Amino acid sequence: MRPLKTALLALTLSLGGACAATLPAVTLTGFAQLPADTLADGPASGAWNGGLRGQTRFQGQPVQGFSGVQFTAGGEYLFLSDNGFGAKNNSADYLLRLYRLSVAPNTAAKDGTGQVGVRGFINLRDPDRRVPWQIVNEATPDRLLTGADFDPEGFVVAPDGTLWIGDEFGPYLLHFSADGRLLGAPTPTPNLHGRPTLRGQNPIVIAHRGSSGTRPEHTLDSYRVAIEGGADFIEPDLVVTKDGVLVARHEPVMVVLDKDGKVTEATTDVATRPEFEDRVRTKTLDGTSVTGYWVEDFTLAELKTLRAVERLPALRGRAFDGRFEVPTLAEIIALVRDTETRTGRKVGIYPETKHPTYMKAAGFDTGQLLIDTLTREKFTDPARVFIQSFETANLRELKTRIMPAAGVTLPLVQLVSGHTEAPYDWTASGDTRRYDALTTPEGLRDLATYASGVGPTKRWIITDRGDTTDFVTRAHAAGLLVHPWTLRSEPTYLLPTYAGNPEEEMRQLLRAGVDGFFTDFPATGARVAAQMAAPEVRSPQHPAFTQGTSSADATLGASGGFEGLALSADGTTLYGLLEKTVTGDLPGQLRLNALNLATRQWSLAGRYALDAGSDAIGDLATVNDTQYLVLERDSKVHTDARNKRVYLIDLKRLNADGTFQKTLIADLMNIADPQGLAPDTRGGTLTFPYVTIENVTLLNPTTLLIANDNNYPATGGRGPGVKDDTQFLWLRLGEPPNLGGR
Ligand code: G3P
Ligand code: CA
């Protein structure tokens, strides 16, 4: 049962730019057909519907539809049966099998429609109890596997004769002996996202001013909700009270008044307190005159009598106004400690020194106060603190003087605002440079002499047109972490390209390689980050979900698993092409995973980009050392069908975006049939308009075998109400081996 490989190894196809419009039609040189209602021996089946058992519909086991094919040395074809009746909950009485078929095509119209014989089958089974969860036939001696246990979609025969099968319920890889006995536990699909952060670490979610999208910012409740939502770090912006205590406010001014004394922005209710009406002051903050109530004019005791209010009430409401105090940094540390005591979770703190130049003029050294507080509170673990600032001098001072004097080393992050703005310490000292001076290669290198990371506004990474820049790559090249800000879920803050879905913005940043991000909605951020960093890719049918975990954690659509499975020509590596896009990857891009059969190590071999208008791939087949065939399809049938194609890819030839270059070698909607071999040929042209076409193999350097998966007993490929037979096509390629025409 070895695949024929000699012919394949001799073939090298040249990649070029052929497209559907210019490709000469492939030619049908043989045709065969297996009627839809072909049953094999076995128990009656088809009783399950929607998870309920009823009357059996079939007095045996339907032979089809087929989801994978290999040609064997014995001259037979091995076809893998799909999971049965299309879903987990209706296929518990469908036995998973490999069918041995003799397929003799007609090669001339006078020969009829070709001969297909079912010679036998291999039952896939688990008598040695390798599957660690309960299967349908749990207590039987043979433990025959069913379509409610796995959904097999592709297979190969390894050099040692054993069988590897790709499933899409896990998705799992399954290893069977040549006679169908499961040899080991199902192998889960690793999450090979290929989006390295600076050191390959998981990205962090920084709760911007706490969970400020759902609670008044910079309150203990905002931080508590953020922690409960899964934030890795909580962010206090720090200003100073009259008596020198660090408290969390976004600005030293906690209520801003216009020239008429009307409140234009407020984070506390101080303007409603008659006892403080004489505290209104006009001051110059970073060069701008501002009138209002200032934290540094209140003692901590006075400040504690105030209550927080929502800064953006028109957007976020006032449901929580008046409930929460202004917290001190020490109280925030206590909250984090309490979390650790209760849950064991080590949440970090990401303090920002607000307006250090202004504060210094007011008599406070914020950096020194910060290190004093962290030291006093014994919160100096460098894995749990990042210190950030929009100014530069205070960070350099922390690095060179304040932290060494205190005997602590904490990572610093240089915040970088827009091109037209400037660090105020530069402006105050007469330096006319702006933030973009920090983002040049030299600027980033200099920044890396005192900071561990850079915190850019997100527009440095994603332009306002939605394009990803090279900022992360350049910052990583300088050895810097990248933590952009600020992600907000309300539609007004989202680019049109996200269609109102804030998770898409997070995913685009994570794809760009950021090491974390600031968000007002940390629960959303934590969910997205966890999905993208999950160790495994899981479909909604993964057994963990059916055993209780929410399938909302699935990162692959249903029926999106290892549809394509191929063995490298040298027999060392198994290639599994996922049928659908993993959550977080670019839409339309499919991962090609590689498993080294000797070491059992996985790697990401690359990404396959579907054509516009295609929905999935249907199979993967080996050509030679580096080249593979991919069946690609849309989800349409009959006269609506458009994309039913076979592409050639070369693992070593990539497009600029890193996806495989593709060369169209067969358009299955345009097959020349000059002899009229197929009954459905019209005017000398055959189309193959089935929703799923899941079998392709290269029989010799010029001939493909293609077969559909009829999703038994589905109808529609050849017209409404017409059952899909399984049709086998022998196709002679147009102009091999130089299809690119160069
Ligand atoms: O510190 C990162 C981010 O918070 C910067 O913006 O103005 O919200 O402090 P801001
Ligand atoms: Ca901040």
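Residues numbered from 1 in each chain as written. Chains lettered and ligands numbered in written order. Predicted model: local features only at pLDDT ≥ 70, side-chain atom pairs only at ≥ 80, totals over all residues. Heavy atoms only, no water.

For the overall build of the chain, give the residues involved together with the corresponding values.
Across its full length, the chain carries 15 helices and 44 strands. Projected onto its principal axes, the C-alpha coordinates of the chain cover approximately 105 × 60 × 50 Å. The buried share of the chain, reckoned over its 742 residues, is 57%. A separation of at least 24 residues holds for 62% of the contacts in the chain among residues at least 6 apart in sequence. If you average the places of the 74 positive and of the 87 negative side-chain charges in the chain, the two averages end up 1 Å apart. (Helix = DSSP H or I, 4+ residues; strand = E, 2+ residues; numbered from the N terminus. Buried < 20%, exposed > 50% of the residue type's maximum accessible area, 1.4 Å probe, protein only. Contact = heavy atoms within 4.5 Å. Lys, Arg positive; Asp, Glu negative; His and termini not counted. Charge placed at Lys NZ, Arg CZ, Asp CG, Glu CD.)

Account for the coordination of the calcium ion (ligand 2), with residues named and values stated.
On the protein side, the calcium ion (ligand 2) has E235 (OE), D237 (OD) and E352 (OE) as donor atoms, found 2.1 to 2.3 Å from it. Coordination at the calcium ion (ligand 2) is irregular, judged from the six donor atoms that bind it and the angles of 59 to 153 degrees they form at the metal. Along the chain, the residues donating to the calcium ion (ligand 2) fall in the pattern E-x1-D-x114-E. On the criterion of sequence distance, the pair formed by E235 in strand β15 (residues 233–235) and E352 in strand β23 (residues 352–353) is long-range, its members being 117 residues apart. Considered together, E235 and E352 belong to a single accessibility category, that of buried residues. (Donors = N, O, S within 2.8 Å, 3.2 Å for Na, K, Ca; no water. Tetrahedral: all angles 85-135°; square planar, octahedral: opposite > 155°, others 65-115°.)

Describe the pairing of strand β44 (residues 726–732), and please don't skip the residues or the numbers.
With six of seven residues buried, β44 is to be regarded as a mostly interior element. In this structure, strand β1 (residues 26–34) lies alongside β44, joined through seven bridges in antiparallel fashion. Bridge assignment links A32 to a residue of β44, and that residue is F728. Two strands pair when backbone bridges link them, and strand β41 (residues 703–707) and β44 are joined in this way by five bridges, in the antiparallel orientation. Note on β44: the bridge partner recorded for I706 is L729. (Pairing = 2+ DSSP bridges.)

Break down the site of ligand 1 for me, citing the residues and quoting the values.
If you check the shell around ligand 1, you find H208, R209, E235, D237, H250, E352, K354, Q388, F390, L415, W485 and F518 and nothing else. At 2.6 Å, a side-chain N or O of R209 approaches an oxygen atom of ligand 1. Contact distances for ligand 1 include 2.8 Å between an oxygen atom and a side-chain N or O atom of K354. Protein burial of ligand 1: of its 280 Å² of free accessible surface, 92% is covered by the chains. (Near = heavy atom within 4 Å. Polar contact = N/O pair within 3.5 Å; in protein donor to acceptor, adjacent residues only side chain to side chain. Areas by Shrake-Rupley, 256 points an atom, 1.4 Å probe, with all protein chains shown as cover.)

Quick rundown of the domain arrangement of the chain? Include the residues and the values.
Partitioning the chain into structural domains gives domain 1 (5–191 + 538–732) and domain 2 (204–251 + 325–531). Here the C-alpha centre of domain 2 lies 49 Å away from the C-alpha centre of domain 1. (Domains from an automatic or database assignment.)

I'd love a proper account of the sheet that holds strand β40 (residues 695–700), names of residues and values included.
Pairing is mixed across the open sheet formed by six strands, whose spatial order is β39-β38-β1-β44-β41-β40. Unpaired on one side and paired on the other, β39 (685–686) and β40 mark the two borders of the sheet. Note: strand β38 (residues 671–672) against β39, two bridges, orientation antiparallel. Directly across from A672, in β39, lies its bridge partner T685.

Can you tell me about the packing of aromatic side chains, naming the residues and giving the values?
In total, this model carries 25 aromatic pairs according to the counting rule given. Judged by centre distance (6.5 Å) and plane angle (70 degrees), the ring pair of F390 and Y435 falls under edge-to-face. Pair noted here: F390 is in the loop between β24 (387–389) and α8 (393–406) and Y435 is in the loop between α9 (424–428) and α10 (436–439), with a separation of 45 residues, a long-range link. Here Y435 falls in the buried class, since its relative accessible area comes to 3%. Here the aromatic residues F66, F71, Y77, F79, F728 and W730 are joined through ring pairs into a cluster of three or more. The residue whose ring lies beneath R97 is F121, and the NZ or CZ to ring-centre distance is 3.6 Å. (Phe/Tyr/Trp six-rings, centres within 6.5 Å; stacked < 30°, edge-to-face > 60°. Lys NZ or Arg CZ within 6 Å of the ring centre and 35° of its normal.)

Just give me the short version of the layout of surface pockets, but keep the residues and values in it.
Size it by volume and the largest pocket reaches roughly 680 Å³. Secondary structure elements with two or more residues in the lining of the largest pocket: β23 and α9. Residue composition of the lining of the largest pocket, grouped by class: nine nonpolar, nine polar and eleven charged. G194, R195, R511, A512 and G513 are, among the 19 residues lining the second largest pocket, the residues nearest its centre. (1 Å grid on protein atoms, 1.4 Å probe; cavity = no way out; pocket = protein on both sides within 12 Å on 5 of 7 lines; lining within 4 Å. Points joined across faces, edges and corners; volume = space filled by probe spheres on them. Nonpolar A, V, L, I, M, F, W, Y, C, P; charged D, E, K, R; others polar.)

Describe the nonpolar core, and please don't skip the residues or the numbers.
Nonpolar side chains in soluble globular proteins tend to end up buried together. With 83 residues, the main nonpolar core has I234, I371, L374 and I387 as its most contacted residues. When residues in this core are grouped by element, the largest group, five residues, is from helix α5 (residues 329–343). Discounting residues that sit within four places of it in the chain, I371 has contacts with I387, L398, I402, M403, A406, V408 and L410. A621, L629, A666 and L686 belong to the second-largest nonpolar core, a separate cluster that totals 26 residues. (Core = buried A, V, L, I, M, F, W, Y, C linked by side-chain atoms within 4.5 Å.)

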